[in-house]
Each structure stands twice: as C-alpha cells, then as structure tokens.
Amino acid sequence: MPGFLRRFFAPRWQHHDPAVRRQAIERLDPDTDDDRRRLERLAGDPDAAVRRAALAALDEPAALLALRDTHDSPELQERLRELLSGREGSTPLGQRLTLVETLDDPDLLETLAREGDNQALRLAALARLDDEERLLRQACDNGIAAVRQAAAERITSETGLTRLARRSRRDKQVARLARARLNRLREDEAQAREARERRERILAALEAHAQHAWEPLYPGRYRHLEREWEALGDLPTASQEQRYQEASQRCRKVIADHEARHHALAAAEERRDDADETRRSLIESLEDTLASFTQGECLTDQDMASLQAQKHLVAHQWQTLSDRHAPEAALSERYARALEEYDRLLQAWERLDRQGAELAAALEAEDATALTGILDRIDWPGDLPPTPQLARARQVLATPPAEPAGSPQQSARFARDLDALDDLLDRGAFKRASRLHQSLRQRLALLPEAERRRHQPTLKRLGAQLAELRDWRGFVAGPKREQLCDAIEALAEDTTHSDAELDRQHRQLVKDWKNLGDAAADRALSTRFRAASDRIHERLGPWKQRREAERQQNLSAREGLCEQLEALLDNPDPHADPDALRQIRDRAREQWQRFAPVPRDQARVIGQRFGRIRHALQQLIDHRAQEIATAKRELVEAARLLQEDTDTRAASRAEQAKALQRRWRELGRAPKGEEQTLWRAFRGYCDAIFAARENERDDRAQRSRQRLEAMQALIERLDAWQPASSDDVATLEAAIAEAESLEPLPQGRRSDGMRRRWSGIVRARRDRLARLAVSETIARWQALRPLLEAHLAADARLIDGRPPEDVPAPPALGAPLQSAHERRNAARLDPPPAAEVAEHLTRLRVHLALLAGAAVSREDEPLRLAIQVQRLNDGLGRDLTRAEELEGVLAAILATGPVAPDPWRREAADMDHHLAALAELPPP
C-alpha cells in the first residue's frame, strides 16, 4: 500500500497531525489493555502536548515507572511526581511508599520529600537521598518539622552543618541541633587534631631519638616514648604506624648493638681474666715443680726429663695465650724468673752431663783429687739435691783416709762392701760386682785373722756366684756374638741400602755388640766384627763427610739466625708492629727446623741459645702488643668522648673520627682476642659519629630542599602578583629581603634557573613600579591643572598691569610642589625678565623631551647637551628615578613665572605631547 494510503487509513491516534492524536487520546479507555498500550506508546510521542495528554490518562505509577526505560521525558517525570506525591490520582499510600523505596532518581526523590502529601511518604523519600546539598535544602525549606529534623540529622560534614546553622532560620530547633552537632563535631575534630599532633610529636621525638647515639638514658627514653605511644586512645594511620615501627626498630637496633658491644667487651674481659688465670696456674705449676726440686733428696734423669717436658708445654701454652691477649707485667716478670731458674737447673744438668764420663771413671778409681776437680767444674748448685752419681762422689770425698790394717772401721767397711756385692749379684751388675769382688779379695788379707775367717766363706760364696754369672753371660753371649758377626758381615756386603739406612743398621749392631760387654769375648769374633765395621765405615766415609759438612752449615745457619734475632732484640724498634714481630718469630721457627740436624755436641748449646732468644722475642711481642692495646683503648675512649660531644658539628667530629681511624691503622694489631673486641667498640662509636654526620647532611639537604621550595613558592607568588601602585614597592622589597634570607640555595641547574627567573620577575616588577610611578606623577600633575590655570591667570593679570596676586594652594600638596607653588607666587612680586622666563620654559620643554626620548629641533640641540651634562652632574652620588626627575621638572614648570599666555601656549602643547609619550615609554 502506498505511503499516503497508509496515512489515510491509519487510526486517529497514529495520525500525522499532533492535534488529531491529542483528540484521539480522549476516546481511548485506559482500563482496556489495547487502549492502555496505545496510551503508553503515545507517552513517548514526539509532541509534548500529545505526551502530556497520554500521561494524564494513565494513573498507575508502577506502569509509568516501567515506561522510564523507553519513554523518559520531562512530562513523564512531572506525571510521576504528581501521582507519587498524591496531588493527583488515587494510588494508595502503601503502594506509593513501596514504589518510593525502589526509586533512585535524586530529583524525583527530592520533589517527593518536599511535596509529598504524607509525612511518611516524605520521610521515605528523604531516606533514599544521599546528597548532602539536597538534604540541606530539605532541612531548611521542608514544610514538615519532622522531615526537617530527619534531614538535619543526616548532615554530618562541618561545611554542611555550618551552612545549616546559618540558613535554618525557619526552624530554631534545627538550627540549635545543627549548632550543637557542629560544636560537637568541632570539639571531636579538635580532640582528634590534638591527638594527631600529640602522636606526631611523639613520633617525631621517637624518630629523632632513633638518630641519636647511645647514652646511658637511651633505653629509658625509648621505653617512655613507647609507653606514651601505646597510651594514646586513637588509632594511628598506616603511614604513622610504619614510621613508628621503623623508628622503634632503629632504636632497638641501637640498644641491641650497645648491648652486644657491652657483652663483647665483658666477654673479652672475661677471656682476658681466664687467660691471666691460666697463665697464673701455668706459672704456679712451673714454680712448684722447681721448688720441689730443691726440697727433694735425689735428682734423677726422669725428674729432669719431666721438668723439660713441662717447660715446653708451659712455653707453648704461654705463646698461644699471648697471641690472643697480652699478659700482665707482673705475670711476665714471674714467668721470666721461673725461666731463669729453669735455665740455671738446665745448665747445671748439662755441665754434669758433659763431665759424666770423667766422673764415672774417677768414682771407679776412687781418685779423690780427680773427683774434686770434676765437682768444681760441674759447680752443682748448693740448693739442689745431688744425683746418685754426685752423692756417691761426695761420699767418696767425705770418706776419711784408709784406716790402719785391722782397725774396726776397716772391718765394718768390708762387711758393708760384702752386702753391696751381694746386692750387685742379685741385680746382675756383673762389671761392678767383678770390680768390687777383686777389691774385696785384696782387702781380705789386710783384715785380722778372726775377721778374715769370719768373712772368707761369704766372700768365697759370692765369688762362686760371680763365676756362675760370668759363665751364664758367656753361655748367652756366645751365640749372640756369632749372630751379630754374621749380620754385620752381611750388611757390609749388601749394596741395596742407602747410606742413611746403612748407617742406622750399623749403629744398632755396634750398640748391641757393646751391650754384650766382655761376656763370651772371643778374639776371632771381635776381629771379624771389627773388620766388617771398618769396611762399613770406609764405605760411609764420603757420606759422613757430606753429613758433617751439612751439619756444620746448619749450625752456621742457626748461629746466623740467632745473631740476627739477637741484633733485633738488642736494638728493638719502639714502634715495631707486633704482627711483623710475630711473622719474624714464626719464620725463625720454620728456618730453625729447616736447618737440622747439627753436630750433636753443639746441639744443646745452640738450642738453649735459640730458646732464650725466642722467649725474649715473645716478651717483646707481648710488650708491644700490650702498648698497642693500651693505645687502642685510649682511641676507643677518645671515639666515645667524640661521639658524646654534641657541641661540635657532626662534620668536624667525622673528620676527627677519620683521623682516629688512621691512627688505629698505623698502630698495628693488638693481641688477637683483644683486637676484635676493641675494634667492635671503636667501629661502633665511629659508625655512630658517621651516622650523625649523615643525619646532619640529610638535615642540611632537607633545609636546602625547604629553601628551594620556599624560593619556588616565593617566585610563584611574586610572578602572580602585579603592583597596582608605586606604593607597592615595599611589597617588592619585602619579597627581595625574603629571597636574600633564603640564600644560599644549593648548587644545581634548578637553583640557577630559579635565580634567572627570579631576576627576570624582579626586573619586570621594578619596571612596572617605575611606569606606575611615572603615571602617578603625571596624574598628579594633571590633577594640578586648576592650580596651574590659576597661576597663569594671575600671571596674565600681572602682565596686564594689575597688582600681583597670590594663588591659594590646594590641600594635600606635596613638599616639592608646595615649594614650587610658593616660588611662583613670589615670582610675581619680583618678576624676572620675560626672555629669561621664556628661555627657562624652553629648557624645561627640552628636558621633558629628553625624558620622553623625543627628538629636539636643531636650534634646541645646545640645550639638550647642556641638560644632559647637568643630569650627569646631578646624578653624581645618587641615582634618580625617572619619576623623581619628572617630578622635579614638573615642579620647576610650576615654579616658572610669570608667563605670558602666548609663550605658554607655544610650549604647553609640546609639553603635553611629551608627557603623553612619557606615560607610554618603557622604563630605562
């Protein structure tokens, strides 16, 4: 169907004419489903009148609310307000309340809260409002008191309550409620602000305390701040809590570091005490051992070997302890005295050992003269008990000369020697028993007959036992000698052994042969054994020569090492480094062990010499280490005092701490265990000093940043400021003084840029102030036009022949102009020549032209040059601004007179032109 036919046959409510559609609405019945749907479609019609008519036919708010999704329009909103507020329609209140609870349109809800026909409806709509501005309008303008109060109770902000208290003139109760809640809110805010400020103060104090170094009251101060923080009732913000935890952690670290240093120092002191106690026990044990030697009855090889082993153990432990802690001076002296006593005993023992063979031979021969010489050479200390050999020698010397034959003493001595022979035979001491038996046989004939018969059976029995012992030794020694001969001959023929192994086995065979003594002695076997031994000696000759030469070299090397160490000890460096001395000691010990073996007869002497040197070197090490430890304790104390010195700048204290550190490095190392303890304490104080320096730098940087920010704010403020009059120069000078107070700014491109920008802004503001001053001067001159005209009129009357008149001065005339005004009045009393007045006016016009930068005519060129010279002369000593110079020229113009009208008109036009140009001229 064509379009016009469709339009022709369309229903009236779909007609193209809005008037026809509006008339068709009157025929639609909203109670029927079809017509109601048509009305709902027409509610979205393009024509507003059609929409309004269709919506007027619908009176169900729920259906209209559903139409808002598709046909929302101002007419629909208005119809909903009418139906929901109860102005039109018959919708029950309960249904309207239910619909209001589902609304989310603030404009509609505000209208319902203000225009609803029921208090419950208004309260329900008010409950759906959240915007404080809408609640404020309801609290001030709503017609129901309950609604106003309900809206007022939902206003919580300080701004909203302030506006409510100011605007709520209609309801005094609401105003009173607003003021009460506002006061309470302000009190709560003040309390919260005070609590925040107090928390900030505590937090700032805690952060500052965390930056401080250790002091005795440090833990107590921290605990006090911690209790104050925990006693606050409000909750801290996340940033405050984080800052508090960080500051608390730093404080606890300072406390823990100090406690650790304290414990370390206490542990070091305890270790030092333990070391001293160990040294004391070592010295006491060595002293007790040496004292026991003087209290005994007999000194044996075992006693001396035990003493030497104990001394080596004590020396090793003493050196180990000295490497960690330097000993006390008193303990070092006791140890040195004990070593001297030990050396005295050892030297006596060595002298006895060297004279041992001669002493044994003299004892066997009972040679009193030889024994006396040997004992003199031994020089055995009188406070030491003798050895068995010395005791026997002394007994032999103490025995009186041989008694006469048959004396009772000789008989008693013979009986004692018989008992001694019996004992020797029981022990198997064949050689001594043989010599004693031979002596007894010779002495038996010298005894009286009765004594001889009494002792002879015993001597015969002991002689038989001696013969039996001789036979038994021969029985055992015979096969052994054969075996030793075969072994040494086989060794002499064997060429597979090295020289050292050959020498070792040869020595062992010779030792075994000597141990047999004269038992089963056989000349043939002895010859065989000696021949084989000679062949081995001949074979080992070159090797022994090389070994002897090597031993001599080692001996020479040891002697040279001892001489070097003795030279070092004779001239010790008072500033020697203990570590270097320890290296010398250790390397000397390594070289000593490397230079081995040495000749046996000189090994003991050179060993004792090296032992004394090593002990003296250890004493020097201990002494230097103790001196260094004392010096480093002084450095620790100096660092502590420097760290506690809060009057000196942190940077200066840091430089002093660096000097202390250089001194620390120059001193060397204290004893090992004490060095670490002292270093931990020293480093802790130095770290605190450097931390204070960093804090000072941070504070200085913070102040620099604050100065930069303040300078930036000042620049922005001055950049936004434009002077309105020349009197604002005080504001500019105050800003310049403030900028000077912020100097010096930190070095950097930002500071340079800020200075350049500041200079530009200040220059621009000065230019503007200069222009304003000139403009104000010109404005004041223009305001004096009536006064100038009055003077010109008085001048004209004077020139016409009338008597001179004084022109009255206007009020508030400045000092320069007041003086010029008075001179003008005085000039009429004694008028100068007219030519002079005209020339002066011309000069003033040229001066104005110079100020305005205008060109002058050729005939005025000499005046221009003269005025420039005068300006230079007047400017000596002070710089005149353009406004001040202009004010002087204008005052001179006012003072010049009397002036005839024609010259004035001729000059006034140019002057006005120059003033106009001067007002537009930029400052110089």
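Refer to the structure presented above.
Only a predicted model underlies this, so the values are computations on that prediction, with no experimental measurement involved. (Residues numbered from 1 in each chain as written. Predicted model: local features only at pLDDT ≥ 70, side-chain atom pairs only at ≥ 80, totals over all residues. Heavy atoms only, no water.)

Colleague: Which parts of the structure should I look at to understand a negative patch on the surface?
Modeller: A surface patch of like charges, here negative, comprises Glu-269, Glu-270, Asp-273, Asp-274 and Glu-328. With respect to the helices and strands, the residue Glu-270 is situated in helix 15 (residues 238–295). (Patch = residues over 30% accessible without salt bridge, like charges linked within 9 Å, V, L, I, M, F, W, Y side chains within 5 Å. Areas by Shrake-Rupley, 256 points an atom, 1.4 Å probe, with all protein chains shown as cover. Salt bridge = Lys/Arg side-chain N within 4 Å of Asp/Glu carboxyl O. Lys, Arg positive; Asp, Glu negative; His and termini not counted. Charge placed at Lys NZ, Arg CZ, Asp CG, Glu CD. Helix = DSSP H or I, 4+ residues; strand = E, 2+ residues; numbered from the N terminus.)

Colleague: Help me out: how do you make sense of the environment of Glu-287 in this one?
Modeller: Along the chain, Glu-287 falls in helix 15. Its relative accessible area of 28% is what places Glu-287 among the partly exposed residues. Distance in space between the C-alpha atoms of Glu-287 and Tyr-335 is 8.9 Å, their sequence separation being 48 residues. (Buried < 20%, exposed > 50% of the residue type's maximum accessible area, 1.4 Å probe, protein only.)

Colleague: How should I be thinking about the side chain of His-821 in this particular structure?
Modeller: Topologically, His-821 is positioned in helix 33 (residues 815–829). Overall, the relative accessible area of 3% leaves His-821 in the buried class. Of note is the side chain of His-821, whose polar atom sits 2.9 Å from the backbone oxygen of Val-807. Sequence-distant contacts of His-821, that is, excluding residues within four places in its chain, are made with Leu-787, His-791, Val-807, Pro-808, Ala-809, Leu-813 and Leu-894. (Polar contact = N/O pair within 3.5 Å; in protein donor to acceptor, adjacent residues only side chain to side chain. Contact = heavy atoms within 4.5 Å.)

Colleague: In this structure, what is going on with the nonpolar core? I would like to understand it.
Modeller: Inside soluble globular proteins, nonpolar side chains tend to come together where they are buried. Judged by nonpolar contacts, the single largest core of 34 residues is most densely connected at Leu-848, Leu-886, Ile-893 and Trp-904. Breaking this core down by element, the ones donating at least two residues are helix 31 (749–783), helix 32 (785–799), helix 33, helix 34 (834–852), helix 36 (882–895) and helix 37 (901–920). Looking at this core element by element, the count peaks at nine residues for helix 36. Those residues in contact with Leu-848, other than ones at most four positions away along the chain, are Leu-886, Val-889, Ile-893, Met-911, His-914 and Leu-915. Core analysis: the next-biggest nonpolar cluster, separate from the first, contains 33 residues, Ala-275, Tyr-342, Leu-352 and Ala-362 among them. (Core = buried A, V, L, I, M, F, W, Y, C linked by side-chain atoms within 4.5 Å.)

Colleague: How should I be thinking about the packing of helix 16 (residues 301–324) against helix 26 (residues 578–594) in this particular structure?
Modeller: Any two packed helices are characterised by how steeply their axes cross, that is the angle between the axes, and by the distance between the axes. In contact at an axis separation of 13 Å, helix 16 and helix 26 are set at 150° when each is read in the N-to-C sense. Judged by the angle between their axes, helix 16 and helix 26 are roughly antiparallel. As helix 16 packs across helix 26, the resulting crossing turns out to be left-handed. Each of Gln-319, Ser-322 and Asp-323 in helix 16 lies in contact with helix 26, whose residues at this interface are Arg-582, Arg-585, Asp-586 and Arg-589. Classifying every residue of the contact of helix 16 with helix 26 by side-chain character gives no nonpolar, two polar and five charged. (Axes fitted to C-alpha atoms, helices over the stretch in contact; angles between N-to-C directions. Parallel < 35°, antiparallel > 145°, perpendicular 65-115°, else oblique. Left-handed = near helix turned anticlockwise from the far one by under 90°. Nonpolar A, V, L, I, M, F, W, Y, C, P; charged D, E, K, R; others polar.)

Colleague: Got a minute to help me understand the packing of aromatic side chains in this structure?
Modeller: Any pair of aromatic rings gets described here by the distance separating the centres and the angle formed by the planes. By the definition in use, this model includes five aromatic pairs. An angle of 5° between the planes, with centres 4.5 Å apart, marks the rings of Trp-229 and Tyr-244 as stacked. With a gap of 15 residues between them, Trp-229 in helix 14 (residues 218–231) and Tyr-244 in helix 15 connect regions that are remote in the sequence. On the accessibility criterion, Trp-229 (6% relative accessible area) is buried. The buried category is assigned to Tyr-244, whose relative accessible area is 6%. Ring geometry for Trp-664 against Trp-679: centres 5.7 Å apart, planes inclined by 50°, an arrangement best described as tilted. You can see Trp-664 sitting in helix 28 (residues 650–667) and its partner Trp-679 sitting in helix 29 (residues 672–720), a full 15 residues away along the chain. For Trp-664, a relative accessible area of 5% corresponds to the buried category. Through a chain of ring-to-ring contacts, the aromatic side chains of Trp-664, Trp-679 and Phe-682 assemble into a single cluster. (Phe/Tyr/Trp six-rings, centres within 6.5 Å; stacked < 30°, edge-to-face > 60°.)

Colleague: I would appreciate a short explanation of the environment of Thr-278 in the present structure.
Modeller: As for its placement among the helices and strands, Thr-278 is situated in helix 15. On the accessibility criterion, Thr-278 (32% relative accessible area) is partly exposed. In the structure, Thr-278 is positioned 40 residues away from Trp-318 in sequence and 8.8 Å away in space, judged by C-alpha atoms.

Colleague: What exactly am I supposed to notice about the side chain of Lys-311 here?
Modeller: Relative to the elements of secondary structure, Lys-311 occurs in helix 16. Here Lys-311 occupies a buried position and makes no salt bridge, while the nearest side chain of opposite charge, Asp-343, is found at 5.9 Å. Lys-311 has contacts with Leu-339 and Tyr-342, leaving out every residue within four places of it along the chain.

Colleague: So what exactly am I meant to see when it comes to the packing of helix 16 against helix 27 (residues 600–644) here?
Modeller: Packing of helix 16 against helix 27 leaves a shortest axis separation of 11 Å and a crossing angle of 25°. As judged from the angle between their axes, helix 16 and helix 27 are roughly parallel. The interaxial crossing formed by helix 16 with helix 27 has left-handed handedness. Each of Gln-308, Trp-318, Gln-319, Ser-322 and Asp-323 in helix 16 lies in contact with helix 27, whose residues at this interface are Arg-604, Gln-618 and Asp-622. Taken together, the residues of the contact of helix 16 with helix 27 sort by class into one nonpolar, four polar and three charged.

Geometry only, nothing functional implied.
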